[in-house]
Amino acid sequence: MATQLPGMLLNSSGLTLVGGRSLNCRNSQPPAATSSALPPLSSSTIQVVGWKGAGESGNANLKLDNAFEGFQEEYDWNDVEADLYHWTKTLRPVQWYPGHIAKTEKELKEQLKLMDVVIEVRDARIPMSTSHPQMDSWLGNRKRILVLNREDMISTADRNAWATYYAKQGIRVVFSNGQLGMGTLKLGRLAKALAGTVNIKRREKGLLPRPVRAGVVGYPNVGKSSLVNRLLKRRMCPAAPRPGVTRELKWVRFGKDLELLDSPGIIPMRISDQAAAIKLAICDDIGERSYNATDVAAILVQMLSKLPTVGNKALRDRYKIETDGRCGRTFVQKLAAQLFNSDNNQAAFRILQDFRKGKFGWIALERPPR
């Protein structure tokens, strides 16, 4: 059977959100007064499949926390995305486009014409948000390998969901950890195999064989250079845990059969999807100067409170602060008063760093669209 847990209806200010959630957290009209202005959405209730209440047969003492373990797939991630869309509407837009990116983009598009295969690296926590909207048009029919890096930062359920999603589309996916080298050997073999026809055609034309050329592309700080260094088993490309470190295209040789092009992170000149921009900020895939840390941390708190694998309890246990997940900004202010002499910016960065270091568990912020 399925037991429904009612969604949380909250009062908000300025902007009434899906489920009544707001970033500003002041009293306003009740949700019913403004619900007609919102886009149609799926139900915000959560279903726990197979859970039995105290008045039914089965274990009457089964606790609700245990029930959460079995319904991750039933949880509707569209609710989180819908809330996130509304939370970002009142914030200053997040935009980041350093000068070197425009030059890099032009050079990269020229180099892609020489590629036998392209390795597109994305952040496994946010694969959709780290997908460049023009990448498909740049690559055309060129062979591509999709790498979801930082697989160690997501759960098994997240990994399986994305593996299934891309398998259905016939997309070759390699899950990797550029820091520890997991997945790099498989990636090297796959790149050579996909581009193996290059030298067959060259021999038919009487030409000598040459190394396979593979371009490594993707958003800033998704782990491109670390992945290349792991493939080479030595530090050939500059790498650091912040966006914008690599600023020039660089060819490197991997054995006798493979040449790799490490490229700086590329990002659209204007990010139209601000929900994606906030996730880039949360995951440190965009420059810190482009966003207000307090706003981003407040949204992260509200997102984590909605995810059944985290929830309000994890936040209370971590910071010893009571929260209902309704107002992330208030939570940041409480943490600032408790630990950082009321410095909201420091409190915000603590929350963001805790997420990035897995203090709430390793979780993705996206699931495949249905």
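See above for the structure.
Described in the following lines is the structure provided in the data block. (Residues numbered from 1 in each chain as written. Predicted model: local features only at pLDDT ≥ 70, side-chain atom pairs only at ≥ 80, totals over all residues. Heavy atoms only, no water.)

1. Some remarks on a positive patch on the surface
Argument step 1. A cluster of like positive charges, contributed by Lys 143, Arg 172, Lys 201 and Lys 205, occupies part of the molecular surface.
Argument step 2. Inspection of the secondary structure puts Lys 143 in strand S4 (residues 143-149). (Patch = residues over 30% accessible without salt bridge, like charges linked within 9 Å, V, L, I, M, F, W, Y side chains within 5 Å. Areas by Shrake-Rupley, 256 points an atom, 1.4 Å probe, with all protein chains shown as cover. Salt bridge = Lys/Arg side-chain N within 4 Å of Asp/Glu carboxyl O. Lys, Arg positive; Asp, Glu negative; His and termini not counted. Charge placed at Lys NZ, Arg CZ, Asp CG, Glu CD. Helix = DSSP H or I, 4+ residues; strand = E, 2+ residues; numbered from the N terminus.)

2. Concerning the pattern of salt bridges
Argument step 1. Tallied over the entire structure, the rule returns 18 salt bridges.
Argument step 2. Between Arg 159 and Glu 151 there is a salt bridge, with its nearest N and O atoms 2.9 Å apart.
Argument step 3. Residue Arg 159 is classed as partly exposed on the basis of its relative accessible area, which comes to 32%.
Argument step 4. Notably, a salt bridge pairs Arg 316 with Glu 322, separated by 3.9 Å at the nearest N-O pair.
Argument step 5. Residue classification places Glu 322 among the exposed residues on the basis of a relative accessible area of 59%.
Argument step 6. Members of the salt-bridge network, linked through shared partners, are Glu 120, Arg 122, Asp 136 and Arg 144. (Buried < 20%, exposed > 50% of the residue type's maximum accessible area, 1.4 Å probe, protein only.)

3. Considering the sheet that holds strand S5 (residues 173-176)
Argument step 1. With mixed pairing, the 6 strands of this open sheet are ordered in space as S5-S4-S3-S6-S8-S7. In this open sheet, the two strands that pair with only one neighbour each are S5 and strand S7 (250-254). In this sheet, adjacent strand axes meet at a mean angle of 25 degrees when their direction is disregarded.
Argument step 2. Where strand S3 (residues 117-123) lies against S4, 7 bridges are found, and the strand directions are parallel. Its bridge partner lying in S4, Asp 123 is registered against Asn 149.
Argument step 3. Strands in contact with helix H6 (residues 156-168) are S3, S4 and S5; relative to S5, the strand with the most contacts, it is inclined by about 160 degrees.
Argument step 4. With respect to the sheet, helix H7 (residues 184-194) is in contact with S3, S4, S5, strand S6 (212-218), S7 and strand S8 (258-262), its orientation differing from that of S4 by roughly 170 degrees. (Pairing = 2+ DSSP bridges. Axes fitted to C-alpha atoms, helices over the stretch in contact; angles between N-to-C directions. Contact = heavy atoms within 4.5 Å.)

4. Observations regarding the environment of Val 198
Argument step 1. Here Val 198 is to be found in helix H8 (residues 197-204).
Argument step 2. Along the primary structure Val 198 and Pro 211 are separated by 13 residues, whereas in three dimensions their C-alpha atoms are 9.2 Å apart.
Argument step 3. Excluding residues that lie within four positions of it along the chain, Val 198 makes contacts with Asp 116 and Arg 210.

5. Quick look at empty space enclosed by the protein
Argument step 1. Across all of its chains, the model carries 2 cavities of 30 Å³ or more by this definition.
Argument step 2. Forming the walls of the largest cavity are Leu 91, Arg 92, Val 94, Ile 278, Ser 290, Tyr 291, Asn 292, Asp 295 and Val 296. (1 Å grid on protein atoms, 1.4 Å probe; cavity = no way out; pocket = protein on both sides within 12 Å on 5 of 7 lines; lining within 4 Å. Points joined across faces, edges and corners; volume = space filled by probe spheres on them.)

Everything listed here is a matter of coordinates, which is why it stays silent on function.
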